[in-house]
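Residue-level listing of the chains:
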Amino acid sequence: MKRAFWLIIAALAAAILFYVSRFWYLRLWPREGLFGIDTLRPQGGLVGQWLRGTDFAPFELVIWAVGAFLILTILQKLYDLLNPPPE
C-alpha cells in the first residue's frame, strides 16, 4: 500500500513538472484554464510564461531543470524520512 501511495505521488510530481515545462503538448482542458483558473492554460509552459519579459527569460530551461531537481530531491528526502530502512 505504501509503495502504491509513493508511486502515485511520484507520478503526480512528474506530471506537474512536465506541465510547467515547455515540453507539454497536450490540450486536456478548455482555453479558459483548468477549473476556470486563467493561469493554468492548456498548453503548459508556465515557467516560460512566468519569466516572459524578465531578464531571466533566456534561462527558462535551466531554471526549470534546477527547480525540478530540487522538487525531486525534497520528495526523496521526505520518502527517506517517512520510510526508514529496516534494521
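Anything mentioned here points back to the structure above.
Residues numbered from 1 in each chain as written. Predicted model: local features only at pLDDT ≥ 70, side-chain atom pairs only at ≥ 80, totals over all residues. Heavy atoms only, no water.

Peer 1: So, the packing of helix α1 (residues 2-20) against helix α3 (residues 60-82): which residues are in play, and what are the values?
Peer 2: Taken N-terminus to C-terminus, the directions of α1 and α3 make an angle of 170 degrees; their axes are 11 Å apart at the nearest point. Between α1 and α3, the interaxial angle falls into the category roughly antiparallel. Along the contact surface, α1 presents Trp6, Ile9, Ala13, Leu17 and Val20, while α3 presents Trp64, Ala68, Ile71, Leu72, Leu75, Leu78, Tyr79 and Leu82. In terms of residue class, the contact of α1 with α3 is built from 13 nonpolar, no polar and no charged. (Axes fitted to C-alpha atoms, helices over the stretch in contact; angles between N-to-C directions. Helix = DSSP H or I, 4+ residues; strand = E, 2+ residues; numbered from the N terminus. Parallel < 35°, antiparallel > 145°, perpendicular 65-115°, else oblique. Contact = heavy atoms within 4.5 Å. Nonpolar A, V, L, I, M, F, W, Y, C, P; charged D, E, K, R; others polar.)

Peer 1: How would you explain α1 if you had to name every residue and give the values?
Peer 2: The terminal C-alpha atoms of α1, which comprises 19 residues, lie 27 Å apart, in line with the 27 Å expected from a rise of 1.5 Å per residue. Those residues of α1 that sit buried are Trp6, Ala13, Leu17, Tyr19 and Val20. For α1, the buried positions fall inside an angular range of 160 degrees around the axis, keeping them on one side. Away from its buried face by more than 90 degrees, α1 exposes Arg3, Leu7 and Ile8. Lining the buried residues of α1 we find α2 (46-51) and α3. (Expected span 1.5 Å × (residues − 1). Buried < 20%, exposed > 50% of the residue type's maximum accessible area, 1.4 Å probe, protein only. Arc of directions from axis to C-beta.)

Peer 1: Explain the packing of aromatic side chains to me, using residue names and the numbers behind them.
Peer 2: Considering all chains together, one arrives at 2 aromatic pairs under this definition. Aromatic side chains phenylalanine 5 and tryptophan 6 sit 5.4 Å apart centroid to centroid with 75 degrees between the ring planes, which places their arrangement in the edge-to-face category. Ring geometry for tryptophan 6 and tyrosine 79: centres 5.2 Å apart, planes at 90 degrees, overall edge-to-face. Here tryptophan 6 is found in helix α1, whereas its partner tyrosine 79 is found in helix α3, with 73 residues between them in sequence. The class of tyrosine 79 is partly exposed, set by a relative accessible area of 34%. Every member of this aromatic cluster is reached through a ring pair, and the members are Phe5, Trp6 and Tyr79. (Phe/Tyr/Trp six-rings, centres within 6.5 Å; stacked < 30°, edge-to-face > 60°.)

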